[in-house]
Amino acid sequence: MVWSGLVMANNVEHPDEIPAELSGIESKLKRWFGYNQFKVIGQSQKKLVTGSEDWLASSKYFSLHVDSKGETDAGYLLNLKLFQEKSVLLETEAKLSKSCPFVIKGPPVGDGLLILVLIVQ
Amino acid sequence: MKTFEEKWTAWLDGELHGEELVAFEASLPDKAAAEAEKRGALKLGDLLKTQLQNRAMGNEEFFNHQLRERIEKETETAAPRERTGTPRALWPISRLAWVGATALAVFSICTFFVMREKAPTDQSQYLTQILNARVDPAMSPNATISMFESKEDKVTVLWVEGLQFLPAEYATK
């Protein structure tokens, strides 16, 4: 099972509780990005059967297209595309490990930052 | 040809004779002072001769006795080693065993640390690996991409800097 999320990070006086999907990497997110609140604005949870599937995690203006090219013992070979509306903002290919989340620093939005997170659950 | 110093020394020692003596004494600028110096030198020589004579040992019997005793003692202590004929063991068995055990322990500790250093390298296959990444240069001409694989945090981060700033409404769900 792969969880993909579009996460808005910002600093507020009274931060909301971090979403359950991110609780395992809360301290790392805070340390890496320097924000105290993380809110999921779009997500997808995909159970991979064949290992070669694709899916989309979307918010109103962003969408993350994930294309799985296959599965190995270590994880999944993924092709990721971040769209801002219909334009490709960022594209990457990665071997997503089952024991190592993949985090992408996206564009600055308002007083915060868009972060993309992929976790094998 | 003798130098003045050589002639002076010879004159002090009374070794100049005949014409050489007459010529040398004629060449002295102040013969009276030279004569006085010669007398002083002779006097000092006599004094040294009398003082530097061998002093008679007053207690020679006692000194001989002490010397003999010392030689006998040293001979006795050296004798047992010569009699046994076997050299003293440099490393006794017990010490050898301890040194062996210590060396083994040090080797084990070093091996442990070397293996422990090696372990994280083996774990690298369990980190998410970024194979490639790119941004659209038309949309984000100043964007730069950095990749971090943090073994400590067990997280891989694709750090994209310089993407275009977007207004707050883009944070809408």
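See above for the structure.
Everything quoted here is computed from the prediction, not taken from an experiment. Each chain has its residues counted from 1, running along the sequence as written. Ligands are numbered from 1 and chains lettered from A, in the order in which they are written. This being a predicted model, a pLDDT of at least 70 is required before a residue's local features are given, and a value of 80 or more before pairs of side-chain atoms are given or counted; all residues contribute to the totals for chains, interfaces and linings. The side-chain values count all of the structure's non-hydrogen atoms but skip hydrogen atoms and water molecules.

## Focus on the overall build of chain B
Thinking step 1. Only DSSP runs of H or I reaching four residues or more are called helices, and only runs of E reaching two or more are called strands; each is numbered from the N terminus. Helix and strand counts for chain B come out as five helices and three strands.
Thinking step 2. Counting helices and strands in the order they occur from the N terminus, chain B gives α-α-α-α-α-β-β-β.
Thinking step 3. Partly exposed residues are those whose accessible area sits between 20% and 50% of the maximum for their type, while under 20% is buried and over 50% is exposed, using a 1.4 Å probe and protein chains only. Counting the 173 residues in chain B, one finds 16% classified as buried.
Thinking step 4. The contacts of chain B with a sequence gap of at least 6 include a subset with a gap of at least 24, amounting to 29%.
Thinking step 5. Of the roughly 14400 Å² that chain B leaves accessible, carbon and sulfur atoms contribute 59%. Residues count as neighbours in contact if any of their non-hydrogen atoms are within 4.5 Å of one another. Per-residue and other accessible areas were derived by the Shrake-Rupley procedure at a 1.4 Å probe size, with only the shown protein chains allowed to occlude residues.

## A closer look at the interface of chain B and chain A
Thinking step 1. Counting residues at the interface gives 36 residues for chain B, matched by 38 residues for chain A.
Thinking step 2. In this assembly, chain B packs against chain A so that about 3500 Å² is buried in total across both faces, 60% of it on carbon and sulfur atoms.
Thinking step 3. Considering only the side of chain B, the residues that lose the most area to chain A are B:T128, B:D153 and B:Y170, jointly responsible for 17% of the buried surface there.
Thinking step 4. Note on definitions: salt bridges are taken to be side-chain nitrogens of Lys or Arg within 4 Å of carboxyl oxygens of Asp or Glu. At the boundary of chain B and chain A, one finds three salt bridges.
Thinking step 5. One salt bridge connects B:D153 with A:R31, and the closest N-O pair in it is separated by 2.2 Å.
Thinking step 6. Between N or O atoms, a polar contact is any pair within 3.5 Å; within protein, one atom must be a potential hydrogen donor and the other a potential acceptor, and residues adjacent in sequence are included only when both atoms are from side chains. Viewed at the interface, chain A and chain B are joined by 21 residue pairs in polar contact (both at pLDDT 80 or more).
Thinking step 7. At the level of elements, strand 1 (129-135), strand 2 (144-150) and strand 3 (155-161) of chain B are the ones that each hand at least two residues to the side of chain B that touches chain A.
Thinking step 8. We call Asp, Glu, Lys and Arg charged. Ala, Val, Leu, Ile, Met, Phe, Trp, Tyr, Cys and Pro are nonpolar, and the rest, Gly among them, are polar. When the residues that make up the side of chain B that touches chain A are grouped by side-chain class, the tally is 20 nonpolar, nine polar and seven charged. Once two parts are joined, some of their accessible surface, as seen by a 1.4 Å probe, is lost; buried area is that loss totalled over both.

## Remarks on the environment of B:G162
Residues and elements named next belong to chain B.
Thinking step 1. Within the secondary structure, G162 is located in the segment after strand 3.
Thinking step 2. In the structure, G162 is positioned 17 residues away from I145 in sequence and 8.9 Å away in space, judged by C-alpha atoms.
Thinking step 3. Leave out the neighbours within four places in its chain, and G162 touches S140, N142 and A143.

## Points about the pairing of strand 6 (residues 87-97) of chain A
Thinking step 1. The rule for pairing is simple: two strands pair if DSSP sees at least two bridges between them. Pairing of strand 5 (residues 75-84) of chain A with strand 6 of chain A, which is carried by 10 bridges, proceeds in the antiparallel orientation. Within strand 6 of chain A, the residue paired with A:L80 across the bridge is A:T92.
Thinking step 2. Here strand 5 of chain A folds back onto strand 6 of chain A, and the loop between the two strands holds two residues, one of which, A:E85, carries a positive phi near 55°.
Thinking step 3. As paired strands, strand 6 of chain A and strand 1 of chain B are joined by six bridges and run antiparallel to one another. By the bridge assignment for strand 1 of chain B, A:E93 is matched with B:N132.

## Examining unusual backbone geometry
Thinking step 1. Unusually for a residue other than glycine, A:E85 sits at a positive phi of about 55°.
Thinking step 2. With respect to the helices and strands, A:E85 occurs in the loop between strand 5 and strand 6.
Thinking step 3. A positive phi angle is found at B:K154, which is not glycine, with a value near 55°.
Thinking step 4. Mapping B:K154 onto the fold places it in the loop between strand 2 and strand 3.

## Examining the packing of aromatic side chains
Thinking step 1. Stacked, tilted and edge-to-face are the three classes applied to pairs of Phe, Tyr and Trp rings, where Trp contributes its six-membered ring and a pair requires centres within 6.5 Å; stacked means planes under 30 degrees apart, edge-to-face means over 60, and tilted covers the rest. Under the criterion given, the structure shown has 10 aromatic pairs over all chains.
Thinking step 2. Between A:F33 and B:W159, the aromatic rings sit 5.3 Å apart at their centres with planes inclined by 5°, giving stacked as the arrangement. Of this pair, A:F33 sits in helix 1 (residues 26-33) while B:W159 sits in strand 3, each in a different chain. Each member of the pair A:F33 and B:W159 is classed as buried.
Thinking step 3. Measuring from ring centre to ring centre gives 5.6 Å for B:F4 and B:F24, while their planes differ by 35°; the resulting arrangement is tilted. Here B:F24 lies in helix 2 (residues 18-27) and B:F4 lies in helix 1 (residues 4-12), a separation of 20 residues in the sequence.
Thinking step 4. You can call B:F4 partly exposed: its relative accessible area is 43%.
Thinking step 5. Here the aromatic residues A:W32, A:F33, B:F148 and B:W159 are joined through ring pairs into a cluster of three or more.
Thinking step 6. Over the ring of A:Y76 we find A:K98; its NZ or CZ atom is 5.9 Å from the centre of that ring. By the criterion adopted, a ring carries a charge over it if an Arg CZ or a Lys NZ lies within 6 Å of its centre and within 35 degrees of its normal.

Any functional reading would require information beyond the geometric quantities listed.
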